[in-house]
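Chain by chain, the residues:
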Amino acid sequence: MNSASLLEQNKQLIRRLYEDCFNTGNLDLANELVSADFSSNRGERGQAEFAANISGLRKAFPNVHFVIEDLFGEADRIAVRWSFTAIHHGPFAGVPATGKAVTQHGNVIYQISNGRISHAWVQIDRLGLMQQIGAQA
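J.: Help me understand the layout of surface pockets, please; the structure alone is not making it clear to me.
T.: Empty pockets left among the atoms are what a rolling probe the size of a water molecule brings to light. Roughly 320 Å³ of internal volume is contained in the largest pocket. In this structure, the largest pocket is lined by 21 residues; those nearest its centre are Phe22, Arg42, Asn53, Leu57 and Phe66. Every element with two or more residues in the lining of the largest pocket is listed here: α1 (3–22), α3 (46–60), β3 (77–87), β4 (101–113) and β5 (116–124). A total of 5 residues in the lining of the largest pocket trace back to one element, the largest contributor, which is α3. Its residues assigned to classes, the lining of the largest pocket shows 15 nonpolar, 2 polar and 4 charged.

J.: Can you walk me through the side chain of glutamine 104 in this structure?
T.: With respect to the element layout, glutamine 104 can be found in strand β4. Given the relative accessible area of 2%, glutamine 104 is considered buried. A polar side-chain atom of glutamine 104 sits 3.3 Å from the main-chain carbonyl oxygen of aspartate 125. Discounting chain neighbours no more than four positions away, the residues touching glutamine 104 are Trp82, Ser83, Phe84, Ile124, Asp125, Arg126 and Leu129.

J.: Would you mind going over the nonpolar core with me for this structure?
T.: Nonpolar side chains in soluble globular proteins tend to end up buried together. With 38 residues, the main nonpolar core has Tyr18, Phe61 and Tyr110 as its most contacted residues. Per element, the largest residue contribution to this core is 7 residues, and it comes from α1. Apart from residues lying up to four places away in sequence, tyrosine 18 is in contact with Asn23, Phe66, Ile68, Val80, Trp82, Val108 and Tyr110.

Basis of the calculations
Residues numbered from 1 in each chain as written. Predicted model: local features only at pLDDT ≥ 70, side-chain atom pairs only at ≥ 80, totals over all residues. Heavy atoms only, no water. 1 Å grid on protein atoms, 1.4 Å probe; cavity = no way out; pocket = protein on both sides within 12 Å on 5 of 7 lines; lining within 4 Å. Points joined across faces, edges and corners; volume = space filled by probe spheres on them. Helix = DSSP H or I, 4+ residues; strand = E, 2+ residues; numbered from the N terminus. Nonpolar A, V, L, I, M, F, W, Y, C, P; charged D, E, K, R; others polar. Buried < 20%, exposed > 50% of the residue type's maximum accessible area, 1.4 Å probe, protein only. Polar contact = N/O pair within 3.5 Å; in protein donor to acceptor, adjacent residues only side chain to side chain. Contact = heavy atoms within 4.5 Å. Core = buried A, V, L, I, M, F, W, Y, C linked by side-chain atoms within 4.5 Å.

And the structure:
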């Protein structure tokens, strides 16, 4: 397979992650898209922790909707800049449901190995999200 074709496959993998997994809550798909030895800069390890992170987000923000703003890559790395909108309907980071509309922005670089996500470097505006739901320092 040539490198351009592999790059397009990797980009499609990340699109599926956001559109078919994050946006729908289809956590079974995470096992197909994420490698068993997945790790992230936030300390997540393995498919179960990856899925638990998505599950926790969707419990607090059940109508979360991610939009991919930019998606590009080179070799085995795919970078995505995204935003999400949601309503805060469940506890999140110690803050009870507020019913407030929120928006969050983030950037992630994914490493793809053997057709699955093996590593993620995640940078998100968590402070902005916490401020939107009224968290106190």
